[in-house]
Amino acid sequence: DTEVTQTPKHLVMGMTNKKSLKCEQHMGHRAMYWYKQKAKKPPELMFVYSYEKLSINESVPSRFSPECPNSSLLNLHLHALQPEDSALYLCASRGGGTDTQYFGPGTRLTVL
Amino acid sequence: GQSLEQPSEVTAVEGAIVQINCTYQTSGFYGLSWYQQHDGGAPTFLSYNALDGLEETGRFSSFLSRSDSYGYLLLQELQMKDSASYFCAVRDSGYSTLTFGKGTMLLVSP
């Protein structure tokens, strides 16, 4: 099973809302990633978790707050977002000894 | 800095062969990956090269020349379903993070 799941598929939120994106994998992967992707652009790395610890934060604004409750789950908490944060948010995971990342289907976020 | 160059768009007809090139300039290099992404979908891993040479997986092959900082993805017997964006990506550090190229949109026509 090489599946990464993400919920919700679509999310519309106002600039004052608080919402969370969820990502789950059961492949035993210990590295998990959050990416942001704008239309017709490549995925842009936001955060990396390794063994449930945040190892990389690519200077992401604090209105995005990641969390890794356990080795299978990754959350992205959203607060006071801006319309320019509207994008596809992708989660990915990677097993040890390989560079291959497995991506979830993404959450299409619209900020009004 | 890091940069990966790939053509923005390639067009081909069903049954043809197409090659998508990728040149990279990175501070380090551990391997070159290729991902396919259909419109509205998630990136899907296609192929990986850490060493020079050709890797073949079904209709898709990938080639790497480390001395030339160059690789390509070769798609054979093109099908309509191959219409998608293709990204090359480099792991350039020990953190196993990927730097993606801007993507090549492949349009396959009947």
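As a starting point, this report considers the structure included with it.

**Section: the side chain of A:Q25**
All names here are of chain A.
So, step 1. Along the chain, Q25 falls in strand β3 (residues 18–25).
So, step 2. Classification of Q25 by relative accessible area gives buried; the value is 1%.
So, step 3. A distance of 3.4 Å separates the side chain of Q25 from the backbone nitrogen of G28, its partner in a polar contact.
So, step 4. Here H29 takes part through its backbone oxygen, which lies 2.8 Å from a polar atom of the side chain of Q25.
So, step 5. Other than its neighbours up to four places away in sequence, Q25 contacts E3, V4, M32, S71, S72 and S93.

**What to know about the pattern of salt bridges**
Residue and element names in this part refer to chain A.
So, step 1. Tallying each qualifying case throughout the model produces five salt bridges over all chains.
So, step 2. Salt-bridge contacts for E52 lead to R30; the nearest nitrogen and oxygen are separated by 2.7 Å. Here the residue E52 occupies a position in the loop between β5 (44–50) and β6 (53–57), and R30 occupies one in the loop between β3 and β4 (31–37), the gap between them amounting to 22 residues.
So, step 3. A relative accessible area of 31% means that E52 is categorised as partly exposed.
So, step 4. Given the relative accessible area of 34%, R30 is considered partly exposed.

Reading the values: rules and limits
Residues numbered from 1 in each chain as written. Chains lettered and ligands numbered in written order. Predicted model: local features only at pLDDT ≥ 70, side-chain atom pairs only at ≥ 80, totals over all residues. Heavy atoms only, no water. Helix = DSSP H or I, 4+ residues; strand = E, 2+ residues; numbered from the N terminus. Buried < 20%, exposed > 50% of the residue type's maximum accessible area, 1.4 Å probe, protein only. Polar contact = N/O pair within 3.5 Å; in protein donor to acceptor, adjacent residues only side chain to side chain. Contact = heavy atoms within 4.5 Å. Salt bridge = Lys/Arg side-chain N within 4 Å of Asp/Glu carboxyl O.

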